[in-house]
Amino acid sequence: MKEFLFLLFLVFLPCSVFPQQEKSITILFTNDLHSRLAGYSPESEYSPLSINDDGTRGGFARIAAILKKERNQNPGITLTLDAGDFLMGTLFQSLEPKTGFQLRLMKKMGYDVVATGNHEFDYGPSKLASILRSAGRNGEMPPVLLSNAVFDSKDTADNSLERCFDEGLVRRTTIIEKEGLKFGFFSLMGKVADENAAFAKPLTFAKQAKTAREMVKKLQDEGCSIIICLSHSGVEKNPDGSWGGEDVELAEKVKGIDVIISGHTHTVLDKPVIIKGIPVVESGEYGKFTGKLKLFYSGGKLNVESYSLIPVDDRIKGDPEVNSLIVDEKNAIEESILKPIGLSYNRPIAEAGFPLECNEQGEFMKSNLAPLVADAIHSYVNRHAAGGTDLSMVAVGVIRDNVAPGIQTAPDIFRIMSMGAGNDIIPGYPLARVYVTGKELKSILEILLVAYKSAPANYCYYSGISVGYDPEGGLLKKIKKIQIIRNGLASETVDFSKKNTKLYSITANSYMLEFVGIIKKMSFGLINVVPKDVAGHPVRDMKAAVIDMDDKSAGIQEGREWLALTEYMRSMKDADNDGIPDIDLKYKESVSAFTVIP
């Protein structure tokens, strides 16, 4: 009888006497790595296997060492996650469709889940499929997620990527079980990221909040205790100093998400943004930091215990095995990409005695790097392409890295203009050229004078023209004078009148020139610019506008901005007589093609 009463006592004993199991959870995370495998900048100074001897940041060998150390020291559950744009930004991307090297490397580094960002689509859906297939051989990559992908049932251009979904090479959700807890993951491509994914077509992306609700319900139905969203959407500061952006809105709108690992906006969050109890975190860009979010799970509830950003710098001794794999890949890049065009991975090209910067999130209107890029393109096209160009232009948004003082090598220069691909083995968007009338040229400049106010990425720098404008002028009435500059002198004043049928050539990369065809949309129908070829025929596809840099050779010999920069830097004087050209001091300050006139 006593035994029975004792058992009955145990049955009705308050649960607090036997508390539910508690779990310590550490999430290590990155976002917007952009293939910065070998540190920066300049890369020639990167020495990951020794400490306290260089000023470079990032590098996967250092990140691998941090991840290993944190996992070994953490007694609880550890998850390692990435929120997208892991690819595209260095020469390493050039071999990815054949090797899938980076995803395989991230698997070795211990990544549990990786999200897809807009730059994973820089080569288009079929090339992304090739990257996934190359990486996925023998299960050598972490789960890759993209939850809001919508495939076109009529266009076959995204079929190869759709088959990757069917085969599990990329997924809409994944579940990881650790210590009796089920973690459910899904990922989102944000609205702005969707707009930036110009080459994802015909693939489109469903609305974020609607997809998130569907994924949360699916994962809850599958018994997940904790649901984590890897959202390539971003967090941004509001004008009043508070935090906003798409991932803040997501947390406000969707119930059931426990954590949002954010990306796309390259925002460095020193502490989590807590929205309705949901921590939203983001760690900047390029592997400068590895994020560490410590959580405490008890009684079915998740609370933030601590948060930090671990600097990835020369205080970290890199992982030797990961570094060795990266060195092998460097050698492969040298043999297959650089040597055929007369370059070497480590050979000095130029020396910078001062920083050159172009920061979309900073003082982009005072850039000294963007004028250098515009001048390099202008020089390159006029030296090599039949017909040359009247003006060249570059937008802040396509400049992806700065120049740190020191020796600049091919990988450093490539990082500045690293996006996209053409129709040959050389990475980077090809240079293209279109022709417009004087009136259309004025209209383009008028639109671009104000377009940056909604998106800083649209702010442009020019070479080959001098523009007089009145900042107080009315809508589409600011530009007063445009002069074509040849050999440093004004050679022609552009006639804006309709009667002037002369065509003026504009050169930029093929991605950037796409904007010319959408001026009508950007101006809400007020302006219609028709990009043309040299004969005046409309250009409907920017591929047809790609410049042949050597019309004496068979086929189209494509040019690249980074090759233009390489040639331009090499042409500069060796001011200190050390055998290496020095970047001209005229670029120490920003130079603008625009002059204010009344």
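Predicted model only: the values in this text are computed from it and were never measured.

The rules behind the values
- Residues numbered from 1 in each chain as written.
- Predicted model: local features only at pLDDT ≥ 70, side-chain atom pairs only at ≥ 80, totals over all residues.
- Heavy atoms only, no water.
- Helix = DSSP H or I, 4+ residues; strand = E, 2+ residues; numbered from the N terminus.
- Rg over C-alpha atoms; globule rule 2.2 N^0.38 Å.
- Buried < 20%, exposed > 50% of the residue type's maximum accessible area, 1.4 Å probe, protein only.
- Contact = heavy atoms within 4.5 Å.
- Lys, Arg positive; Asp, Glu negative; His and termini not counted.
- Charge placed at Lys NZ, Arg CZ, Asp CG, Glu CD.
- Pairing = 2+ DSSP bridges.
- Axes fitted to C-alpha atoms, helices over the stretch in contact; angles between N-to-C directions.
- Core = buried A, V, L, I, M, F, W, Y, C linked by side-chain atoms within 4.5 Å.
- Salt bridge = Lys/Arg side-chain N within 4 Å of Asp/Glu carboxyl O.
- Polar contact = N/O pair within 3.5 Å; in protein donor to acceptor, adjacent residues only side chain to side chain.
- Patch = residues over 30% accessible without salt bridge, like charges linked within 9 Å, V, L, I, M, F, W, Y side chains within 5 Å.
- Areas by Shrake-Rupley, 256 points an atom, 1.4 Å probe, with all protein chains shown as cover.
- pLDDT = per-residue confidence, 0-100.
- Arc of directions from axis to C-beta.
- Parallel < 35°, antiparallel > 145°, perpendicular 65-115°, else oblique.
- Left-handed = near helix turned anticlockwise from the far one by under 90°.
- Phe/Tyr/Trp six-rings, centres within 6.5 Å; stacked < 30°, edge-to-face > 60°.
- Nonpolar A, V, L, I, M, F, W, Y, C, P; charged D, E, K, R; others polar.

I would appreciate a short explanation of the overall build of the protein in the present structure.
Helices and strands together make up the secondary structure of the protein, namely 15 helices and 26 strands. Its C-alpha radius of gyration of 26 Å places the protein within 12% of the 25 Å reference for a compact globule of 598 residues. Reported as C-alpha extents along the three principal axes, the dimensions of the protein are approximately 110 × 55 × 45 Å. The burial tally for the protein puts 58% of its 598 residues in the buried class. Once local pairs closer than 6 in sequence are excluded, the contacts in the protein between residues at least 24 apart make up 74%. Each charge sign in the protein was given a centre, from 69 positive and 77 negative side chains, and these centres are 4 Å apart.

Can you help me understand the sheet that holds strand 18 (residues 391-395) in this one?
Through backbone hydrogen bonds, the strands of a sheet pair up, either in parallel or in antiparallel fashion. Spatially, the 4 strands line up as an open sheet ordered 20-25-18-21, and their pairing is mixed. The open sheet terminates on both sides in strands that have one partner only, identified here as strand 20 (431-437) and strand 21 (460-463). Sheet twist, expressed as the average angle between the axes of neighbouring strands with direction ignored, equals 30°. Sheet analysis places strand 18 next to strand 25 (residues 503-509), joined by 2 bridges and oriented parallel. Along strand 25, the bridge assignment pairs L391 with I506. Each of strand 18, strand 20, strand 21 and strand 25 is contacted by helix 11 (residues 369-384), which is oriented at about 145° to strand 18, the strand it contacts most.

Got a minute to help me understand the sheet that holds strand 24 (residues 489-493) in this structure?
Ordered in space as 24-23-22-26, the 4 strands form an open sheet in which the pairing is mixed. Only two strands of the sheet have a single partner each, and these edge strands are strand 24 and strand 26 (594-596). Across the sheet, the axes of successive neighbouring strands diverge by a mean angle of 30°, strand direction being ignored.

Even after reading the chapter, I still don't get the nonpolar core, so can you show me in this structure?
With 103 residues, the main nonpolar core has F60, L132 and L161 as its most contacted residues. At 9 residues, the largest contribution of residues to this core is made by helix 11. Among residues more than four places away in sequence, those in contact with L161 are F121, P125, L128, A129, L132, F151 and L203. If you look at the next biggest cluster of nonpolar residues, it comprises 49 residues, including M215, I226, C229 and I275.

Which parts of the structure should I look at to understand the side chain of D158?
For D158, the position within the fold is in the loop between strand 5 (149-150) and helix 6 (159-166). One buried charged side chain, D158, makes no salt bridge at all; its nearest oppositely charged neighbour is R163, positioned 8.6 Å away. Here D152 takes part through its backbone nitrogen, which lies 2.9 Å from a polar atom of the side chain of D158. In this view, D158 contacts P125, F151, D152, P202 and L203; residues no more than four positions away in its chain are not counted.

Before we go on, may I ask you to explain the pairing of strand 14 (residues 278-281) in this structure?
Regular strands place their side chains on alternate faces of the sheet. Alternating residues of strand 14 divide into I278 and V280 and P279 and V281, and every residue in both groups is buried. Two strands pair when backbone bridges link them, and strand 12 (residues 259-262) and strand 14 are joined in this way by 2 bridges, in the parallel orientation. From the neighbouring strand, I260 faces strand 14, where its bridge partner is V280. Two successive antiparallel strands, strand 13 (residues 273-275) and strand 14, enclose a turn made up of 2 residues, where K276 displays a positive phi of approximately 50°.

Even after reading the chapter, I still don't get a positive patch on the surface, so can you show me in this structure?
Together, K191, K207, R213 and K253 give the surface a local cluster of positive charge. When you line up the elements, K253 lands in helix 9 (residues 246-253). The class for K253 is exposed, based on a relative accessible area of 51%.

Even after reading the chapter, I still don't get the confidence of the model for the protein, so can you show me in this structure?
Do not read the fine detail of predicted coordinates wherever pLDDT is low. Of the residues in the protein, 94% reach a pLDDT of 70 or more, and the chain-wide mean stands at 91. Residue range residues 4-19 is modelled with pLDDT below 50. Its contacts to residues more than four positions away, or to other chains, number 1 contact.

In this structure, what is going on with helix 6? I would like to understand it.
Every buried residue of helix 6 is accounted for by S160, L161, C164 and F165. Taken end-on, helix 6 shows its buried residues confined to a sector of 155°, consistent with a single buried face. Of the surrounding elements, those touching the buried residues of helix 6 are helix 5 (125-136) and strand 5. G168 sits one or two positions beyond helix 6 and adopts a positive phi of about 80°.

For this particular structure, what's the right way to read the packing of helix 8 (residues 208-221) against helix 9?
When two helices pack together, their arrangement is captured by the angle between the axes and the distance separating the axes. With their axes 10 Å apart at the nearest point, helix 8 and helix 9 run at an angle of 50° to one another. Here helix 9 runs oblique to helix 8, going by the angle between their axes. As helix 8 runs across helix 9, the sense of the crossing is right-handed. Residues Q208, A209, A212 and R213 of helix 8 lie in contact with helix 9, whose contacting residues are E246, L250 and K253.

Looking at this model, I keep getting lost on the packing of aromatic side chains. Mind explaining?
Two measures describe an aromatic ring pair: the distance that separates the ring centres and the angle between the ring planes. Inspection of every chain in the model, using the stated rule, returns 14 aromatic pairs. Measuring from ring centre to ring centre gives 5.9 Å for Y40 and Y286, while their planes differ by 85°; the resulting arrangement is edge-to-face. Of the two residues, Y40 sits in the loop between strand 1 (23-30) and helix 2 (60-73) while Y286 sits in the loop between strand 14 and strand 15 (289-298), which places them 246 residues apart along the sequence. We classify Y40 as buried; its relative accessible area is 6%. What makes Y286 buried here is its relative accessible area of 9%.

Honestly, the packing of helix 5 against helix 6 in this entry has me stumped. Any pointers?
Two elements in contact, helix 5 and helix 6, have axes whose closest approach is 7 Å; the angle formed by their N-to-C orientations is 35°. Residues P125, S126, L128, A129, L132 and R133 of helix 5 lie in contact with helix 6, whose contacting residues are S160, L161, R163 and C164. Considered class by class, the residues forming the contact of helix 5 with helix 6 number 6 nonpolar, 2 polar and 2 charged.

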